[in-house]
Amino acid sequence: MLSRLQELRKEEETLLRLKAALHDQLNRLKVEELALQSMISSRRGDAVPSSQPAPEQPCDMLVHVDNEASINQTALELSTRSRVAEEEEEEEEESDS
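Conventions adopted
- Residues numbered from 1 in each chain as written.
- Predicted model: local features only at pLDDT ≥ 70, side-chain atom pairs only at ≥ 80, totals over all residues.
- Heavy atoms only, no water.
- Helix = DSSP H or I, 4+ residues; strand = E, 2+ residues; numbered from the N terminus.
- Buried < 20%, exposed > 50% of the residue type's maximum accessible area, 1.4 Å probe, protein only.
- Contact = heavy atoms within 4.5 Å.
- Areas by Shrake-Rupley, 256 points an atom, 1.4 Å probe, with all protein chains shown as cover.
- Expected span 1.5 Å × (residues − 1).

(A) The overall build of the chain, seen in detail. Counting its secondary structure elements, the chain contains three helices and zero strands. Listed N to C, the secondary structure of the chain is α-α-α in terms of helices and strands. Burial analysis of the chain (97 residues in total) assigns 8% to the buried set. Of all intrachain contacts in the chain linking residues separated by at least 6 positions in sequence, the fraction that spans at least 24 positions is 73%. Total accessible area on the chain stands at roughly 8300 Å², and carbon and sulfur atoms take up 52% of it.

Dropping the structure here:
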């Protein structure tokens with residue numbers, strides 16, 4: 001029972017890290033979308049419609065929004081299990097054999 005509880009806590013931590021990573025990625029995508037909309041509207045000579053609410057943009061998210069290399073350097077880990085947890089599980093399976 002205790003090991004199951006520890007396993008669930010590790011899984012919760014992993015899911016919280018995944019949530020944070022996805023939230024960060026979503027913020028980056030919103031900033032990039034706004035930058036692209038701005039470029040498109042400036043080429044058309046239009047102003048950005050005021051009916052669109054501007055999402056909150058943390059200061060660190062505004063850096064290099066137009067730099068594709070900078071955007072591509074952002075690693076997004078979609079695995080729901082960390083490598084450490086996988087290695088621990090493999091070690092447990094080997095010791096059980």
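(B) A look at helix α1 (residues 2-44). Counted at 1.5 Å a residue, the expected span for α1 with its 43 residues is 63 Å, and the 63 Å between its end C-alpha atoms agrees. Among all positions in α1, only T14, L18, Q25, N27, V31, A35 and S41 are buried. Of the residues one or two after α1, G45 is the one with positive phi, at around 85°.

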